[in-house]
Amino acid sequence: MNSIRIRLFVILLATTGAVWLLAAAWIYASTQAEVERVLDARLMEAARMVSSLITDHRIEPSAAVDAAIANAPPPPFKQADGSYSRQLSCQIWSLQGSLVSRSESAPETSLASHTDGFEETEIDGERWRVYAVVNPTLGVRVLVGDSLEIRDRLIGDVIKGLLVPGIVILPVLAVLIWVSVGRGLAPLTRIAEGLAGRSASELHPIDDGTVPREVRPGGRSA
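Everything in this summary refers to the structure shown in the same document. (Residues numbered from 1 in each chain as written. Predicted model: local features only at pLDDT ≥ 70, side-chain atom pairs only at ≥ 80, totals over all residues. Heavy atoms only, no water.)

### Let's talk about the nonpolar core
Here's step 1: Membership of the largest hydrophobic core comes to 13 residues, with the highest contact counts inside it found for A47, I92, V142 and V144.
Here's step 2: If you list the elements that add at least two residues to this core, you get α1 (4-55), β1 (89-94), β4 (126-135) and β5 (140-147).
Here's step 3: Looking at this core, the element that brings in the most residues is α1, giving 5 residues.
Here's step 4: Not counting residues up to four positions away in its chain, the partners in contact with A47 are Y131, V133, V142 and V144. (Core = buried A, V, L, I, M, F, W, Y, C linked by side-chain atoms within 4.5 Å. Buried < 20%, exposed > 50% of the residue type's maximum accessible area, 1.4 Å probe, protein only. Helix = DSSP H or I, 4+ residues; strand = E, 2+ residues; numbered from the N terminus. Contact = heavy atoms within 4.5 Å.)

Below, the structure is given as structure tokens:
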């Protein structure tokens with residue numbers, strides 16, 4: 001690799017690529033954590049909404065389940081078909097262990113065995129992220145869950161939407177680096193072309209006004 005231009009291009013491209021990879025890793029981790037936090041907040045709000053509706057006797061448990069799913073807060077990204085909103089599943093269990101009500105998408109098996117808070121479970125090969133809240137007034141436990149397979153796919157779509165533009169820009173960035181290095185080395189290129197056109201007997205110094213500071217000692221000794 002005798003060309004200064006190629007050497008600088010490789011160094012700058014490698015450095016820029018390393019910085020981009022670090023930025024991409026940070027975006028991936030931070031975006032995943034933030035989206036999961038918002039999705040967990042959706043589960044909590046939906047479960048508490050069901051518990052509140054049935055406590056106030058404003059709605060029957062069977063209707064409360066569907067109402068909570070329909071009125072769950074929107075996800076942190078847009079979906080034209082609203083498919084994610086339909087993926088929330090809700091169950092109401094008595095504290096004695098009998099199923100009181102469930103949403104259409106929820107399995108008949110209990111989504112979780114824990115009493116309160118978050119838990120990840122697996123039912124018939126499908127993984128779930130579930131939030132449980134106990135309603136001691138009515139003696140029931142409300143469970144609201146997300147399918148982790150769908151959640152992971154949604155998170156992947158969000159992250160892909162953020163990273164793909166950066167990947168597309170990389171070739172453009174490489175071209176800009178190549179052109180910029182070429183322009184930066186233009187004075188050296190002119191000197192090289194000038195020296196190449198001299199005869200062996202032509203020994204007068206190169207004009208300092210056209211020589212970059214870094215190579216002026218060589219110009220004076222020419």
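### Considerations on the packing of aromatic side chains
Here's step 1: Across all of its chains, the model carries 2 aromatic pairs by this definition.
Here's step 2: With 5.2 Å between their ring centres and 85° between their planes, F9 and W178 make a pair best called edge-to-face. With a gap of 169 residues between them, F9 in helix α1 and W178 in helix α3 (residues 148-184) connect regions that are remote in the sequence.
Here's step 3: Each ring, one from F118 and one from Y131, has its centre 4.8 Å from the other, and the planes form 55°; the classification is tilted. Pair noted here: F118 is in strand β3 (residues 117-123) and Y131 is in strand β4, with a separation of 13 residues, a long-range link.
Here's step 4: Given a relative accessible area of 7%, Y131 falls into the buried group. (Phe/Tyr/Trp six-rings, centres within 6.5 Å; stacked < 30°, edge-to-face > 60°.)

### With respect to the side chain of S51
Here's step 1: One can find S51 in helix α1.
Here's step 2: For S51, the residues in contact, after removing those within four places along its chain, are V133, N135 and V142.

### Observations concerning the sheet that holds β4
Here's step 1: Spatial strand order, β2-β1-β5-β4-β3: 5 strands in an open sheet with antiparallel pairing. The strands lining the two open edges of the sheet, one partner per strand, are β2 (99-102) and β3. Strand after strand, the sheet turns through a mean of 25° between neighbouring axes, direction not considered.
Here's step 2: Running at roughly 40° to β4, α1 makes contact with β1, β3, β4 and β5 of the sheet. (Pairing = 2+ DSSP bridges. Axes fitted to C-alpha atoms, helices over the stretch in contact; angles between N-to-C directions.)

### Brief notes about the pattern of salt bridges
Here's step 1: Tallied over the full model, the rule gives 7 salt bridges.
Here's step 2: Measuring nitrogen to oxygen at the nearest pair gives 3.0 Å for the salt bridge that ties D40 to R151. In this pair, D40 sits in helix α1 while R151 sits in helix α3, placing the two residues 111 residues apart along the sequence.
Here's step 3: Note on R151: relative accessible area 3%, which makes it buried.
Here's step 4: Residues R129 and E120 are paired through a salt bridge, measuring 3.7 Å at the closest nitrogen-oxygen approach.
Here's step 5: Its relative accessible area of 17% is what places R129 among the buried residues. (Salt bridge = Lys/Arg side-chain N within 4 Å of Asp/Glu carboxyl O.)

### Concerning the environment of S103
Here's step 1: In this fold, S103 is placed in the loop between β2 and β3.
Here's step 2: The buried category is assigned to S103, whose relative accessible area is 4%.
Here's step 3: When the C-alpha atoms of S103 and V144 are compared, they prove to be 9.5 Å apart, with 41 residues separating the residues in sequence.

None of this, on its own, says anything about what the molecule does.
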